[in-house]
Amino acid sequence: MVHEMIDGTYRQTNLPNESPEYLAKREELRLAEIELLNMRERVAALRRGLPKGATIQDYEFLEGPTSLDDGDAPIKNVRLSELFTAPDRSLVIYHFMYGKKQTTPCPMCTAWIDGYNGVAQHIAQNVDLAIVAAADPSTLRAHARSRGWDKLRLLGAGDSTFKYDLGSEDASGHQDSTISVFTRDQDGTLRHFYSGHPWLADDIKERGIDELIPVWNMLDLTPQGRGKFYASLEYGTKVQGVQAARG
């Protein structure tokens, strides 16, 4: 019965007792999900179709040892161009809200980066990925150790204008979450391809890059929806479901 069209409804389960009302609404939802899929494909195609972006300078970052287990020294300088590991690969950089006016790590950014660390080996098959923060390398790496970020390239922005130029930092040092994509021409020219921010408009200040984290998508599957959930650095005793399941 699953994946069969029965009485005008494309069935999603083999449950025999689903009510006609439920099946009708589930079919309406299925059609809306197809519309959403097609819209996502359209947005992705529009993004891929962007013309060549602005040329950019070869920004310089600060980087510690490859392994977090090896301490924080020596710190070396690394250029944006050196983050590309092969020709014809894009470079994705997540701007971490940490450092300068952001004196504590952003919980939402931390949740995003937790996820990136988990899928970093998959992402690396196609693109290069790095995390850039305004915080100095030792401070950034200390937080990374506490989160277990052992598969990510972690960089300090140092004295560069990288974060300001890409819109993740203002002139006073206030930070914002941003994701940026860069390309490198065959002659070595570095270009900005795309940046996404939470702010899409004056009345859309937090939802612009929701798709970067699966947490929202998972919550959206439930009848309770997102509710008042917001990421935290420490959930403590609030993690009731996992504790109950393990007990």
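The following refers to the structure shown. What you see is a predicted model, and the numbers here were worked out from it, not measured in a lab.

Turning next to the overall build of the protein. Helices and strands together make up the secondary structure of the protein, namely six helices and nine strands. Principal axes of the C-alpha set define a box for the protein whose edges measure 65 × 50 × 35 Å. The proportion of buried residues among the 247 residues of the protein is 36%. At a minimum sequence separation of 6, the contacts of the protein that also span at least 24 residues come to 57%. Per element, the accessible surface of the protein, about 15,200 Å² overall, is 53% carbon and sulfur.

On to the nonpolar core, then. Among the nonpolar cores identified, the biggest contains 28 residues, and Tyr-94, Phe-96, Ile-113, Tyr-116, Ile-131, Leu-152 and Leu-154 are the most heavily contacted of them. Looking at this core, the elements with two or more residues in it are strand S5 (91-96), helix H2 (107-123), strand S6 (128-133), helix H3 (137-147) and strand S8 (178-184). The biggest single contributor to this core is H2, with six residues. Residue contacts for Ile-113: discarding those within four places in its chain leaves Tyr-94, Phe-96, Ile-131, Trp-149 and Leu-152. With 17 residues, the next largest nonpolar core counts Ile-56, Val-78, Ile-93 and Ala-157 among its residues.

Tallying each qualifying case throughout the model produces 17 salt bridges. Between Lys-100 and Glu-169 there is a salt bridge whose closest N-O contact spans 2.9 Å. Here the residue Lys-100 occupies a position in the loop between S5 and H2, and Glu-169 occupies one in the loop between helix H4 (162-165) and S8, the gap between them amounting to 69 residues. Owing to a relative accessible area of 47%, Lys-100 belongs among the partly exposed residues under this scheme. For Glu-169, a relative accessible area of 11% puts it in the buried group.

Right, let's get into the side chain of Glu-63. Among the structural elements, Glu-63 can be located in strand S3 (residues 60-63). We classify Glu-63 as buried; its relative accessible area is 8%. For Glu-63, the contacting residues outside a window of four places in its chain are Pro-74, Ile-75, Lys-76, Val-78, Arg-153, Leu-154 and Leu-155.

Further remarks concern the pairing of strand S9 (residues 190-196). The buried fraction of S9 is high, at five of seven residues. Here six bridges tie S8 to S9, and the two strands are oriented antiparallel to one another. Counted as the bridge partner of Ser-180 is Ser-195 from S9. Following S8, the chain reverses through five residues before pairing antiparallel with S9; Gly-188 in that reversal takes a positive phi of roughly 95 degrees.

A word on a nonpolar patch on the surface. There is a patch of nonpolar side chains on the surface, built from Val-215, Phe-229 and Tyr-235 and spanning about 210 Å² of accessible area. Take Val-215: it is sitting in helix H5 (residues 214-220).

The geometry of two aromatic rings is summed up by the distance between their centres and the angle between their planes. Using the criterion set out here, one finds nine aromatic pairs in the structure. Ring centres of Tyr-94 and Tyr-116 lie 5.7 Å apart, and the angle between their planes is 65 degrees; this geometry places the pair in the edge-to-face category. Of this pair, Tyr-94 sits in strand S5 while Tyr-116 sits in helix H2, placing them 22 residues apart in sequence. Relative accessible area serves as the criterion here: at 0%, Tyr-94 is assigned to the buried category. Geometrically, the ring pair formed by Phe-96 and Trp-149 is edge-to-face, given 5.8 Å between the ring centres and 70 degrees between the ring planes. Residue Phe-96 is found in strand S5, and its partner Trp-149 is found in the loop between H3 and strand S7 (154-156); the two are separated by 53 residues along the sequence. Neither residue differs from the other here; Phe-96 and Trp-149 are each classed as buried. Aromatic rings pair up to connect Tyr-59, Phe-61, Phe-162 and Phe-182 into one cluster. Against the face of Tyr-194 rests Arg-47, its NZ or CZ located 4.8 Å from the ring centre.

The rules behind these values
Residues numbered from 1 in each chain as written. Predicted model: local features only at pLDDT ≥ 70, side-chain atom pairs only at ≥ 80, totals over all residues. Heavy atoms only, no water. Helix = DSSP H or I, 4+ residues; strand = E, 2+ residues; numbered from the N terminus. Buried < 20%, exposed > 50% of the residue type's maximum accessible area, 1.4 Å probe, protein only. Contact = heavy atoms within 4.5 Å. Areas by Shrake-Rupley, 256 points an atom, 1.4 Å probe, with all protein chains shown as cover. Core = buried A, V, L, I, M, F, W, Y, C linked by side-chain atoms within 4.5 Å. Salt bridge = Lys/Arg side-chain N within 4 Å of Asp/Glu carboxyl O. Pairing = 2+ DSSP bridges. Patch = residues over 30% accessible without salt bridge, like charges linked within 9 Å, V, L, I, M, F, W, Y side chains within 5 Å. Phe/Tyr/Trp six-rings, centres within 6.5 Å; stacked < 30°, edge-to-face > 60°. Lys NZ or Arg CZ within 6 Å of the ring centre and 35° of its normal.

Function-wise, these values are silent; they only describe arrangement.
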